[in-house]
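Per-entry structural report
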Amino acid sequence: KPFPIHLSGAVQHGFGRGGKDLGCPTANLPDESMTPMSSVTEAGVYYGYAQVSREKDGQVILPEEDGRVHPMVMSLGTNPFYKNKNMSAEIHILHHFKSDFYGHPMKAVVLGYIRPQLDYTSREALIEDIETDKRVALKSLARPAYETYRVDGFFDLNN
Ligand code: ADP
Ligand code: MG
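The model shown is predicted, which means the values in this text are computed figures rather than measured ones.

1. Quick word on the overall build of the protein
The helix and strand inventory of the protein stands at two helices and eight strands. On C-alpha atoms alone, the protein measures out to a radius of gyration of 15 Å, which is about the 15 Å that the 2.2 N^0.38 rule sets for 159 residues. Each principal axis of the C-alpha distribution contributes one length, and for the protein these read about 45 × 35 × 30 Å. When the 159 residues of the protein are sorted by exposure, 23% land in the buried category.

2. Looking at the confidence of the model for the protein
Chain-level pLDDT for the protein is 87 on average; 93% of the residues reach the 70-or-more range. Under the prediction, the complex receives an ipTM of 0.99, its pTM being 0.92.

3. Examining the sheet that holds strand E3 (residues 44-52)
Strand order in this open sheet of six strands is E1-E8-E3-E6-E7-E2, and the pairing throughout is antiparallel. Bordering the open sheet on either side are strand E1 (5-10) and strand E2 (27-28), each of which pairs with just one other strand. Most of the contacts of helix H1 (residues 123-141) go to strand E6 (residues 69-78), to which it runs at about 125°, and overall it touches E3, E6 and strand E8 (105-116).

4. Examining the site of ligand 1
Neighbouring ligand 1 are 19 residues, the closest being Gly14, Gly19, Pro25, Ile93 and Asp100. Of all the secondary-structure elements, those providing two or more residues to the shell around ligand 1 are E2 and strand E7 (87-93).

5. A short note on H1
Look at H1: 27 Å from first C-alpha to last across 19 residues, which is about the 27 Å you get at 1.5 Å a residue. Every buried residue of H1 is accounted for by Asp133, Ala137 and Leu141. In an axial view of H1, the angular spread of the buried residues amounts to 50°, which keeps them on one side of the axis. Opposite the packed face of H1, turned more than 90 degrees from it, sit the exposed residues Glu124, Ala125, Glu128, Glu131, Arg135 and Lys139. Contacts made by the buried residues of H1 are with E3, E6 and E8.

6. Considering the nonpolar core
Core analysis: the largest hydrophobic core is formed by 28 residues, its most contacted members being Met72, Met74, Ile91 and Ala108. Mapped by element, the contributors of at least two residues to this core are E3, E6, E7, E8 and H1. It is E3 that provides the largest number of residues to this core, a total of six residues. Excluding residues within four positions of it along the chain, Met74 makes contact with Val45, Tyr46, Gly48, Ala89, Glu90, Ile91, Ala108 and Val110.

Thresholds, definitions, all that
- Residues numbered from 1 in each chain as written.
- Chains lettered and ligands numbered in written order.
- Predicted model: local features only at pLDDT ≥ 70, side-chain atom pairs only at ≥ 80, totals over all residues.
- Helix = DSSP H or I, 4+ residues; strand = E, 2+ residues; numbered from the N terminus.
- Rg over C-alpha atoms; globule rule 2.2 N^0.38 Å.
- Buried ≥ 20, exposed ≤ 12 C-beta atoms within 10 Å, placed from the backbone.
- pLDDT = per-residue confidence, 0-100.
- Pairing = 2+ DSSP bridges.
- Contact = placed C-beta atoms within 7 Å.
- Axes fitted to C-alpha atoms, helices over the stretch in contact; angles between N-to-C directions.
- Near = placed C-beta within 6 Å.
- Expected span 1.5 Å × (residues − 1).
- Arc of directions from axis to C-beta.
- Core = buried A, V, L, I, M, F, W, Y, C linked by C-beta atoms within 7 Å.

So, in structure tokens, the structure goes:
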């Protein structure tokens, strides 16, 4: 089985295409940090846990946040720009952050698959499906067996 898959890297700027408009900002990881996902070839939506570090360039600049581990949903897709079929991932963390965290180190553990990538005929349908994804993620992660991944040494900020 491919899971758990551990990812980490500094949060990058995406295309700014409507994440926040949809009420669903998605944090992007750099291509290099996607190598562990190569065991997974299916585009779609996944769930797991994610953590944003307060530190950026040795400075603590996200004072409200404390490196806590939160549930997340991740959209995985092939970037049509690249012929090499590299997967790119966008992670929506199920937590309200008071500020953006571009450039901050982010870690994520991917624990399961929710659904394939779908085409949407309306913005409303897409928003509705994202809400379903969030509920599925929270339901799945509520299983006691997943707790071990949340408190895993991987998320120790000194690692
Ligand atoms: P972009 O195209 O640059 O990814 P988005 O509209 O998708 O723009 O917003 C993503 C950014 O929003 C993240 O990089 C992060 O800095 C910020 N952000 C704030 N809250 C969250 C959250 N709960 N989950 C993910 N990103 C968030
Ligand atoms: Mg985004």
